[in-house]
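What the coordinates show
What follows is the residue order along each chain.
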Amino acid sequence: MTETNSEKQKKPNPFEPKGFAGTVYVLLHDVICLLALITFFFIFFARLVGVSGSSMYPTLVGGEHTTGSTGDYLVLESNFIHPSYTYGDIVVACLPTFENGKPIVKRVIGTEGQTVSFQADETGAIRVYVDGVMLDEPYINQLNGPMRESPIGLNGYTVHIPAGKYFLMGDNRNNSRDSRSPEIGLVDERYIVGKARWIVFPGPDSEAGNRRDWSRIGSVYGN
C-alpha cells in the first residue's frame with residue numbers, strides 16, 4: 001500500500017530540530033558557517049588594515065598614537081591572489097624585525113632585477129632613479145618640500161634589488177622610514193601581506209582641520 005501525497009506531507013521529518021533547542025542549534029549552525037566563510041574570505045582574498053603615521057601622506061591619512069585618532073581603513077587584495085607587485089603599487093608589509101611586526105604601508109618603487117639610485121639635482125633636491133631613468137612622482141607630499149639629504153647619505157646611493165625583494169618608500173619622503181632606512185632596507189616578498197585597493201573609511205586629516213573627507217572613499221589610486 002503506497003502513501004498518498006497528503007500523508008507524505010504530514011509525516012514528520014526525523015532530522016528536523018524541534019523546540020527551542022532545535023532553533024538554537026539551527027541559529028548556531030548558520031552563524032558558524034557565516035563566520036567560517038568570512039574568515040576564509042579575509043584569509044585568502046582580502047584584508048582590512050588601518051593606516052598609522054604620516055609616511056604615506058597625502059595619498060593616505062594615518063592615525064596618531066599621541067592623539068588616539070584612527071587613520072584611513074584600507075581593503076587589501078591578499079597576496080594569495082596578487083602574489084607579485086609592480087612600481088606604484090601601495091602595499092602593506094609586516095616585518096618581524098621592525099616594530100614587532102606592526103603593519104607598515106608603503107609604495108613599491110623598485111622590484112627584483114632593477115637598480116634604484118638617488119641623485120641631487122641642481123637645486124639640491126634628491127631625485128629617485130630606477131635603471132637610470134628619473135621617476136616622475138606626482139604622488140609625493142609637495143607641501144613638505146622635495147626629498148632632502150638624509151643622515152645615511154642618499155646622494156649617490158645605489159642599490160641593486162635581488163630576487164624576491166622590493167624597494168619600498170613612503171609618499172611623505174621627508175617623514176618616512178622605509179627601504180632607505182637601515183632598520184627596514186629591502187623588503188622580502190614573504191613579508192608583504194597584500195596590495196591596498198580601496199579606502200573604506202577615511203581618517204581625519206590634521207592638515208584640513210581634522211576633518212574626514214568622505215569623498216576619498218573608493219580606489220586608493222583614484223578614478
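What counts and how
Residues numbered from 1 in each chain as written. Predicted model: local features only at pLDDT ≥ 70, side-chain atom pairs only at ≥ 80, totals over all residues. Heavy atoms only, no water. Helix = DSSP H or I, 4+ residues; strand = E, 2+ residues; numbered from the N terminus. Buried < 20%, exposed > 50% of the residue type's maximum accessible area, 1.4 Å probe, protein only. Contact = heavy atoms within 4.5 Å. Areas by Shrake-Rupley, 256 points an atom, 1.4 Å probe, with all protein chains shown as cover. Pairing = 2+ DSSP bridges. Patch = residues over 30% accessible without salt bridge, like charges linked within 9 Å, V, L, I, M, F, W, Y side chains within 5 Å. Salt bridge = Lys/Arg side-chain N within 4 Å of Asp/Glu carboxyl O. Core = buried A, V, L, I, M, F, W, Y, C linked by side-chain atoms within 4.5 Å. Phe/Tyr/Trp six-rings, centres within 6.5 Å; stacked < 30°, edge-to-face > 60°.

Within the protein chain one finds 2 helices and 14 strands. The 223 residues of the protein chain split such that 38% are buried. Here the contacts in the protein chain between residues at least 6 apart in sequence split such that 61% fall between residues at least 24 apart. Surface summary for the protein chain: the accessible area is close to 13300 Å², and the carbon and sulfur share equals 58%.

Time to look at the sheet that holds strand 8 (residues 158–160). Strand order in the open sheet made by the 4 strands is 7-6-5-8, with antiparallel pairing throughout. Sheet topology places strand 7 (133–134) and strand 8 at the edges, where each strand pairs with a single neighbour. As judged from the 3 bridges shared by strand 5 (residues 115–120) and strand 8, these two strands associate in the antiparallel manner. By the bridge assignment for strand 8, Thr115 is matched with His160.

A word on the pairing of strand 9 (residues 165–169). Most of strand 9 is tucked away: 4 of the 5 residues are buried. In this sheet, strand 9 lies alongside strand 4 (residues 103–110) in antiparallel orientation, the contact comprising 3 bridges. Counted as the bridge partner of Gly110 is Phe167 from strand 9. When strand 9 meets strand 10 (residues 187–188), the two strands line up antiparallel, connected through 2 bridges. Across the sheet, the residue bridging to Lys165 is Asp188, located in strand 10.

So, about a nonpolar patch on the surface. A cluster of nonpolar side chains, contributed by Leu48, Tyr73, Trp198, Val200, Phe201, Trp214 and Ile217, occupies part of the molecular surface with about 670 Å² of accessible area. Considering each element in turn, the nonpolar patch owes the most residues, 3 residues, to strand 11 (residues 192–201). By secondary structure assignment, the location of Phe201 is in strand 11.

The subject of this paragraph is the nonpolar core. Inside soluble globular proteins, nonpolar side chains tend to come together where they are buried. By size, the foremost hydrophobic cluster in this structure holds 15 residues, and its most contacted members are Ile109, Val116, Phe118, Val128, Met147, Phe167 and Met169. For this core, the element with the most residues is strand 6 (residues 126–130), which contributes 3 residues. Beyond its immediate sequence surroundings of up to four residues, Val116 is in contact with Gly110, Val128, Tyr129, Val130, Tyr157, Thr158, Val159, Ile161 and Phe167. Formed by 13 residues, the second largest nonpolar core is a distinct cluster that contains Val49, Leu60, Leu74 and Ile199.

Side-chain direction in a regular strand flips from residue to residue, so the side chains alternate between the two faces of the sheet. A large share of strand 3 (residues 90–94) lies buried, amounting to 4 of its 5 residues. For strand 3 and strand 4, the ladder comprises 5 bridges, and the chain directions are antiparallel. Within the sheet, the bridge partner assigned to Cys94 lies in strand 4 and is Pro103. Note that strand 3 and strand 11 share 3 bridges and pair antiparallel. When the sheet's bridge partners are listed, Val92 is paired in strand 11 with Gly194.

Turning to the packing of aromatic side chains, a few remarks are in order. Applying the stated criterion across every chain yields a total of 4 aromatic pairs. Taking 5.9 Å as the distance between ring centres and 70° as the angle between the ring planes, the aromatic pair formed by Tyr85 and Tyr166 counts as edge-to-face. On the criterion of sequence distance, the pair formed by Tyr85 in the loop between strand 2 (73–78) and strand 3 and Tyr166 in strand 9 is long-range, its members being 81 residues apart. Across the pair, exposure class does not vary: Tyr85 and Tyr166 are buried alike. Between the aromatic rings of Phe201 and Trp214, the centroid separation amounts to 5.4 Å while the plane-to-plane angle is 70°, which identifies the pairing as edge-to-face. Here the residue Phe201 occupies a position in strand 11, and Trp214 occupies one in the loop between strand 13 (211–212) and strand 14 (218–219), the gap between them amounting to 13 residues. Among the residues examined, Phe201 registers a relative accessible area of 31% and is labelled partly exposed.

Another aspect to go through is the pattern of salt bridges. Within the structure shown, the criterion is met by 11 salt bridges. Close ionic contact of Arg177 with Glu99 constitutes a salt bridge, the shortest N to O distance being 2.6 Å. On the criterion of sequence distance, the pair formed by Arg177 in the loop between strand 9 and strand 10 and Glu99 in the loop between strand 3 and strand 4 is long-range, its members being 78 residues apart. For Glu99, a relative accessible area of 37% puts it in the partly exposed group. A salt bridge links Asp121 to Arg127; its shortest N-O distance comes to 2.9 Å.

Scope: geometric values only; no functional claims are made or implied.
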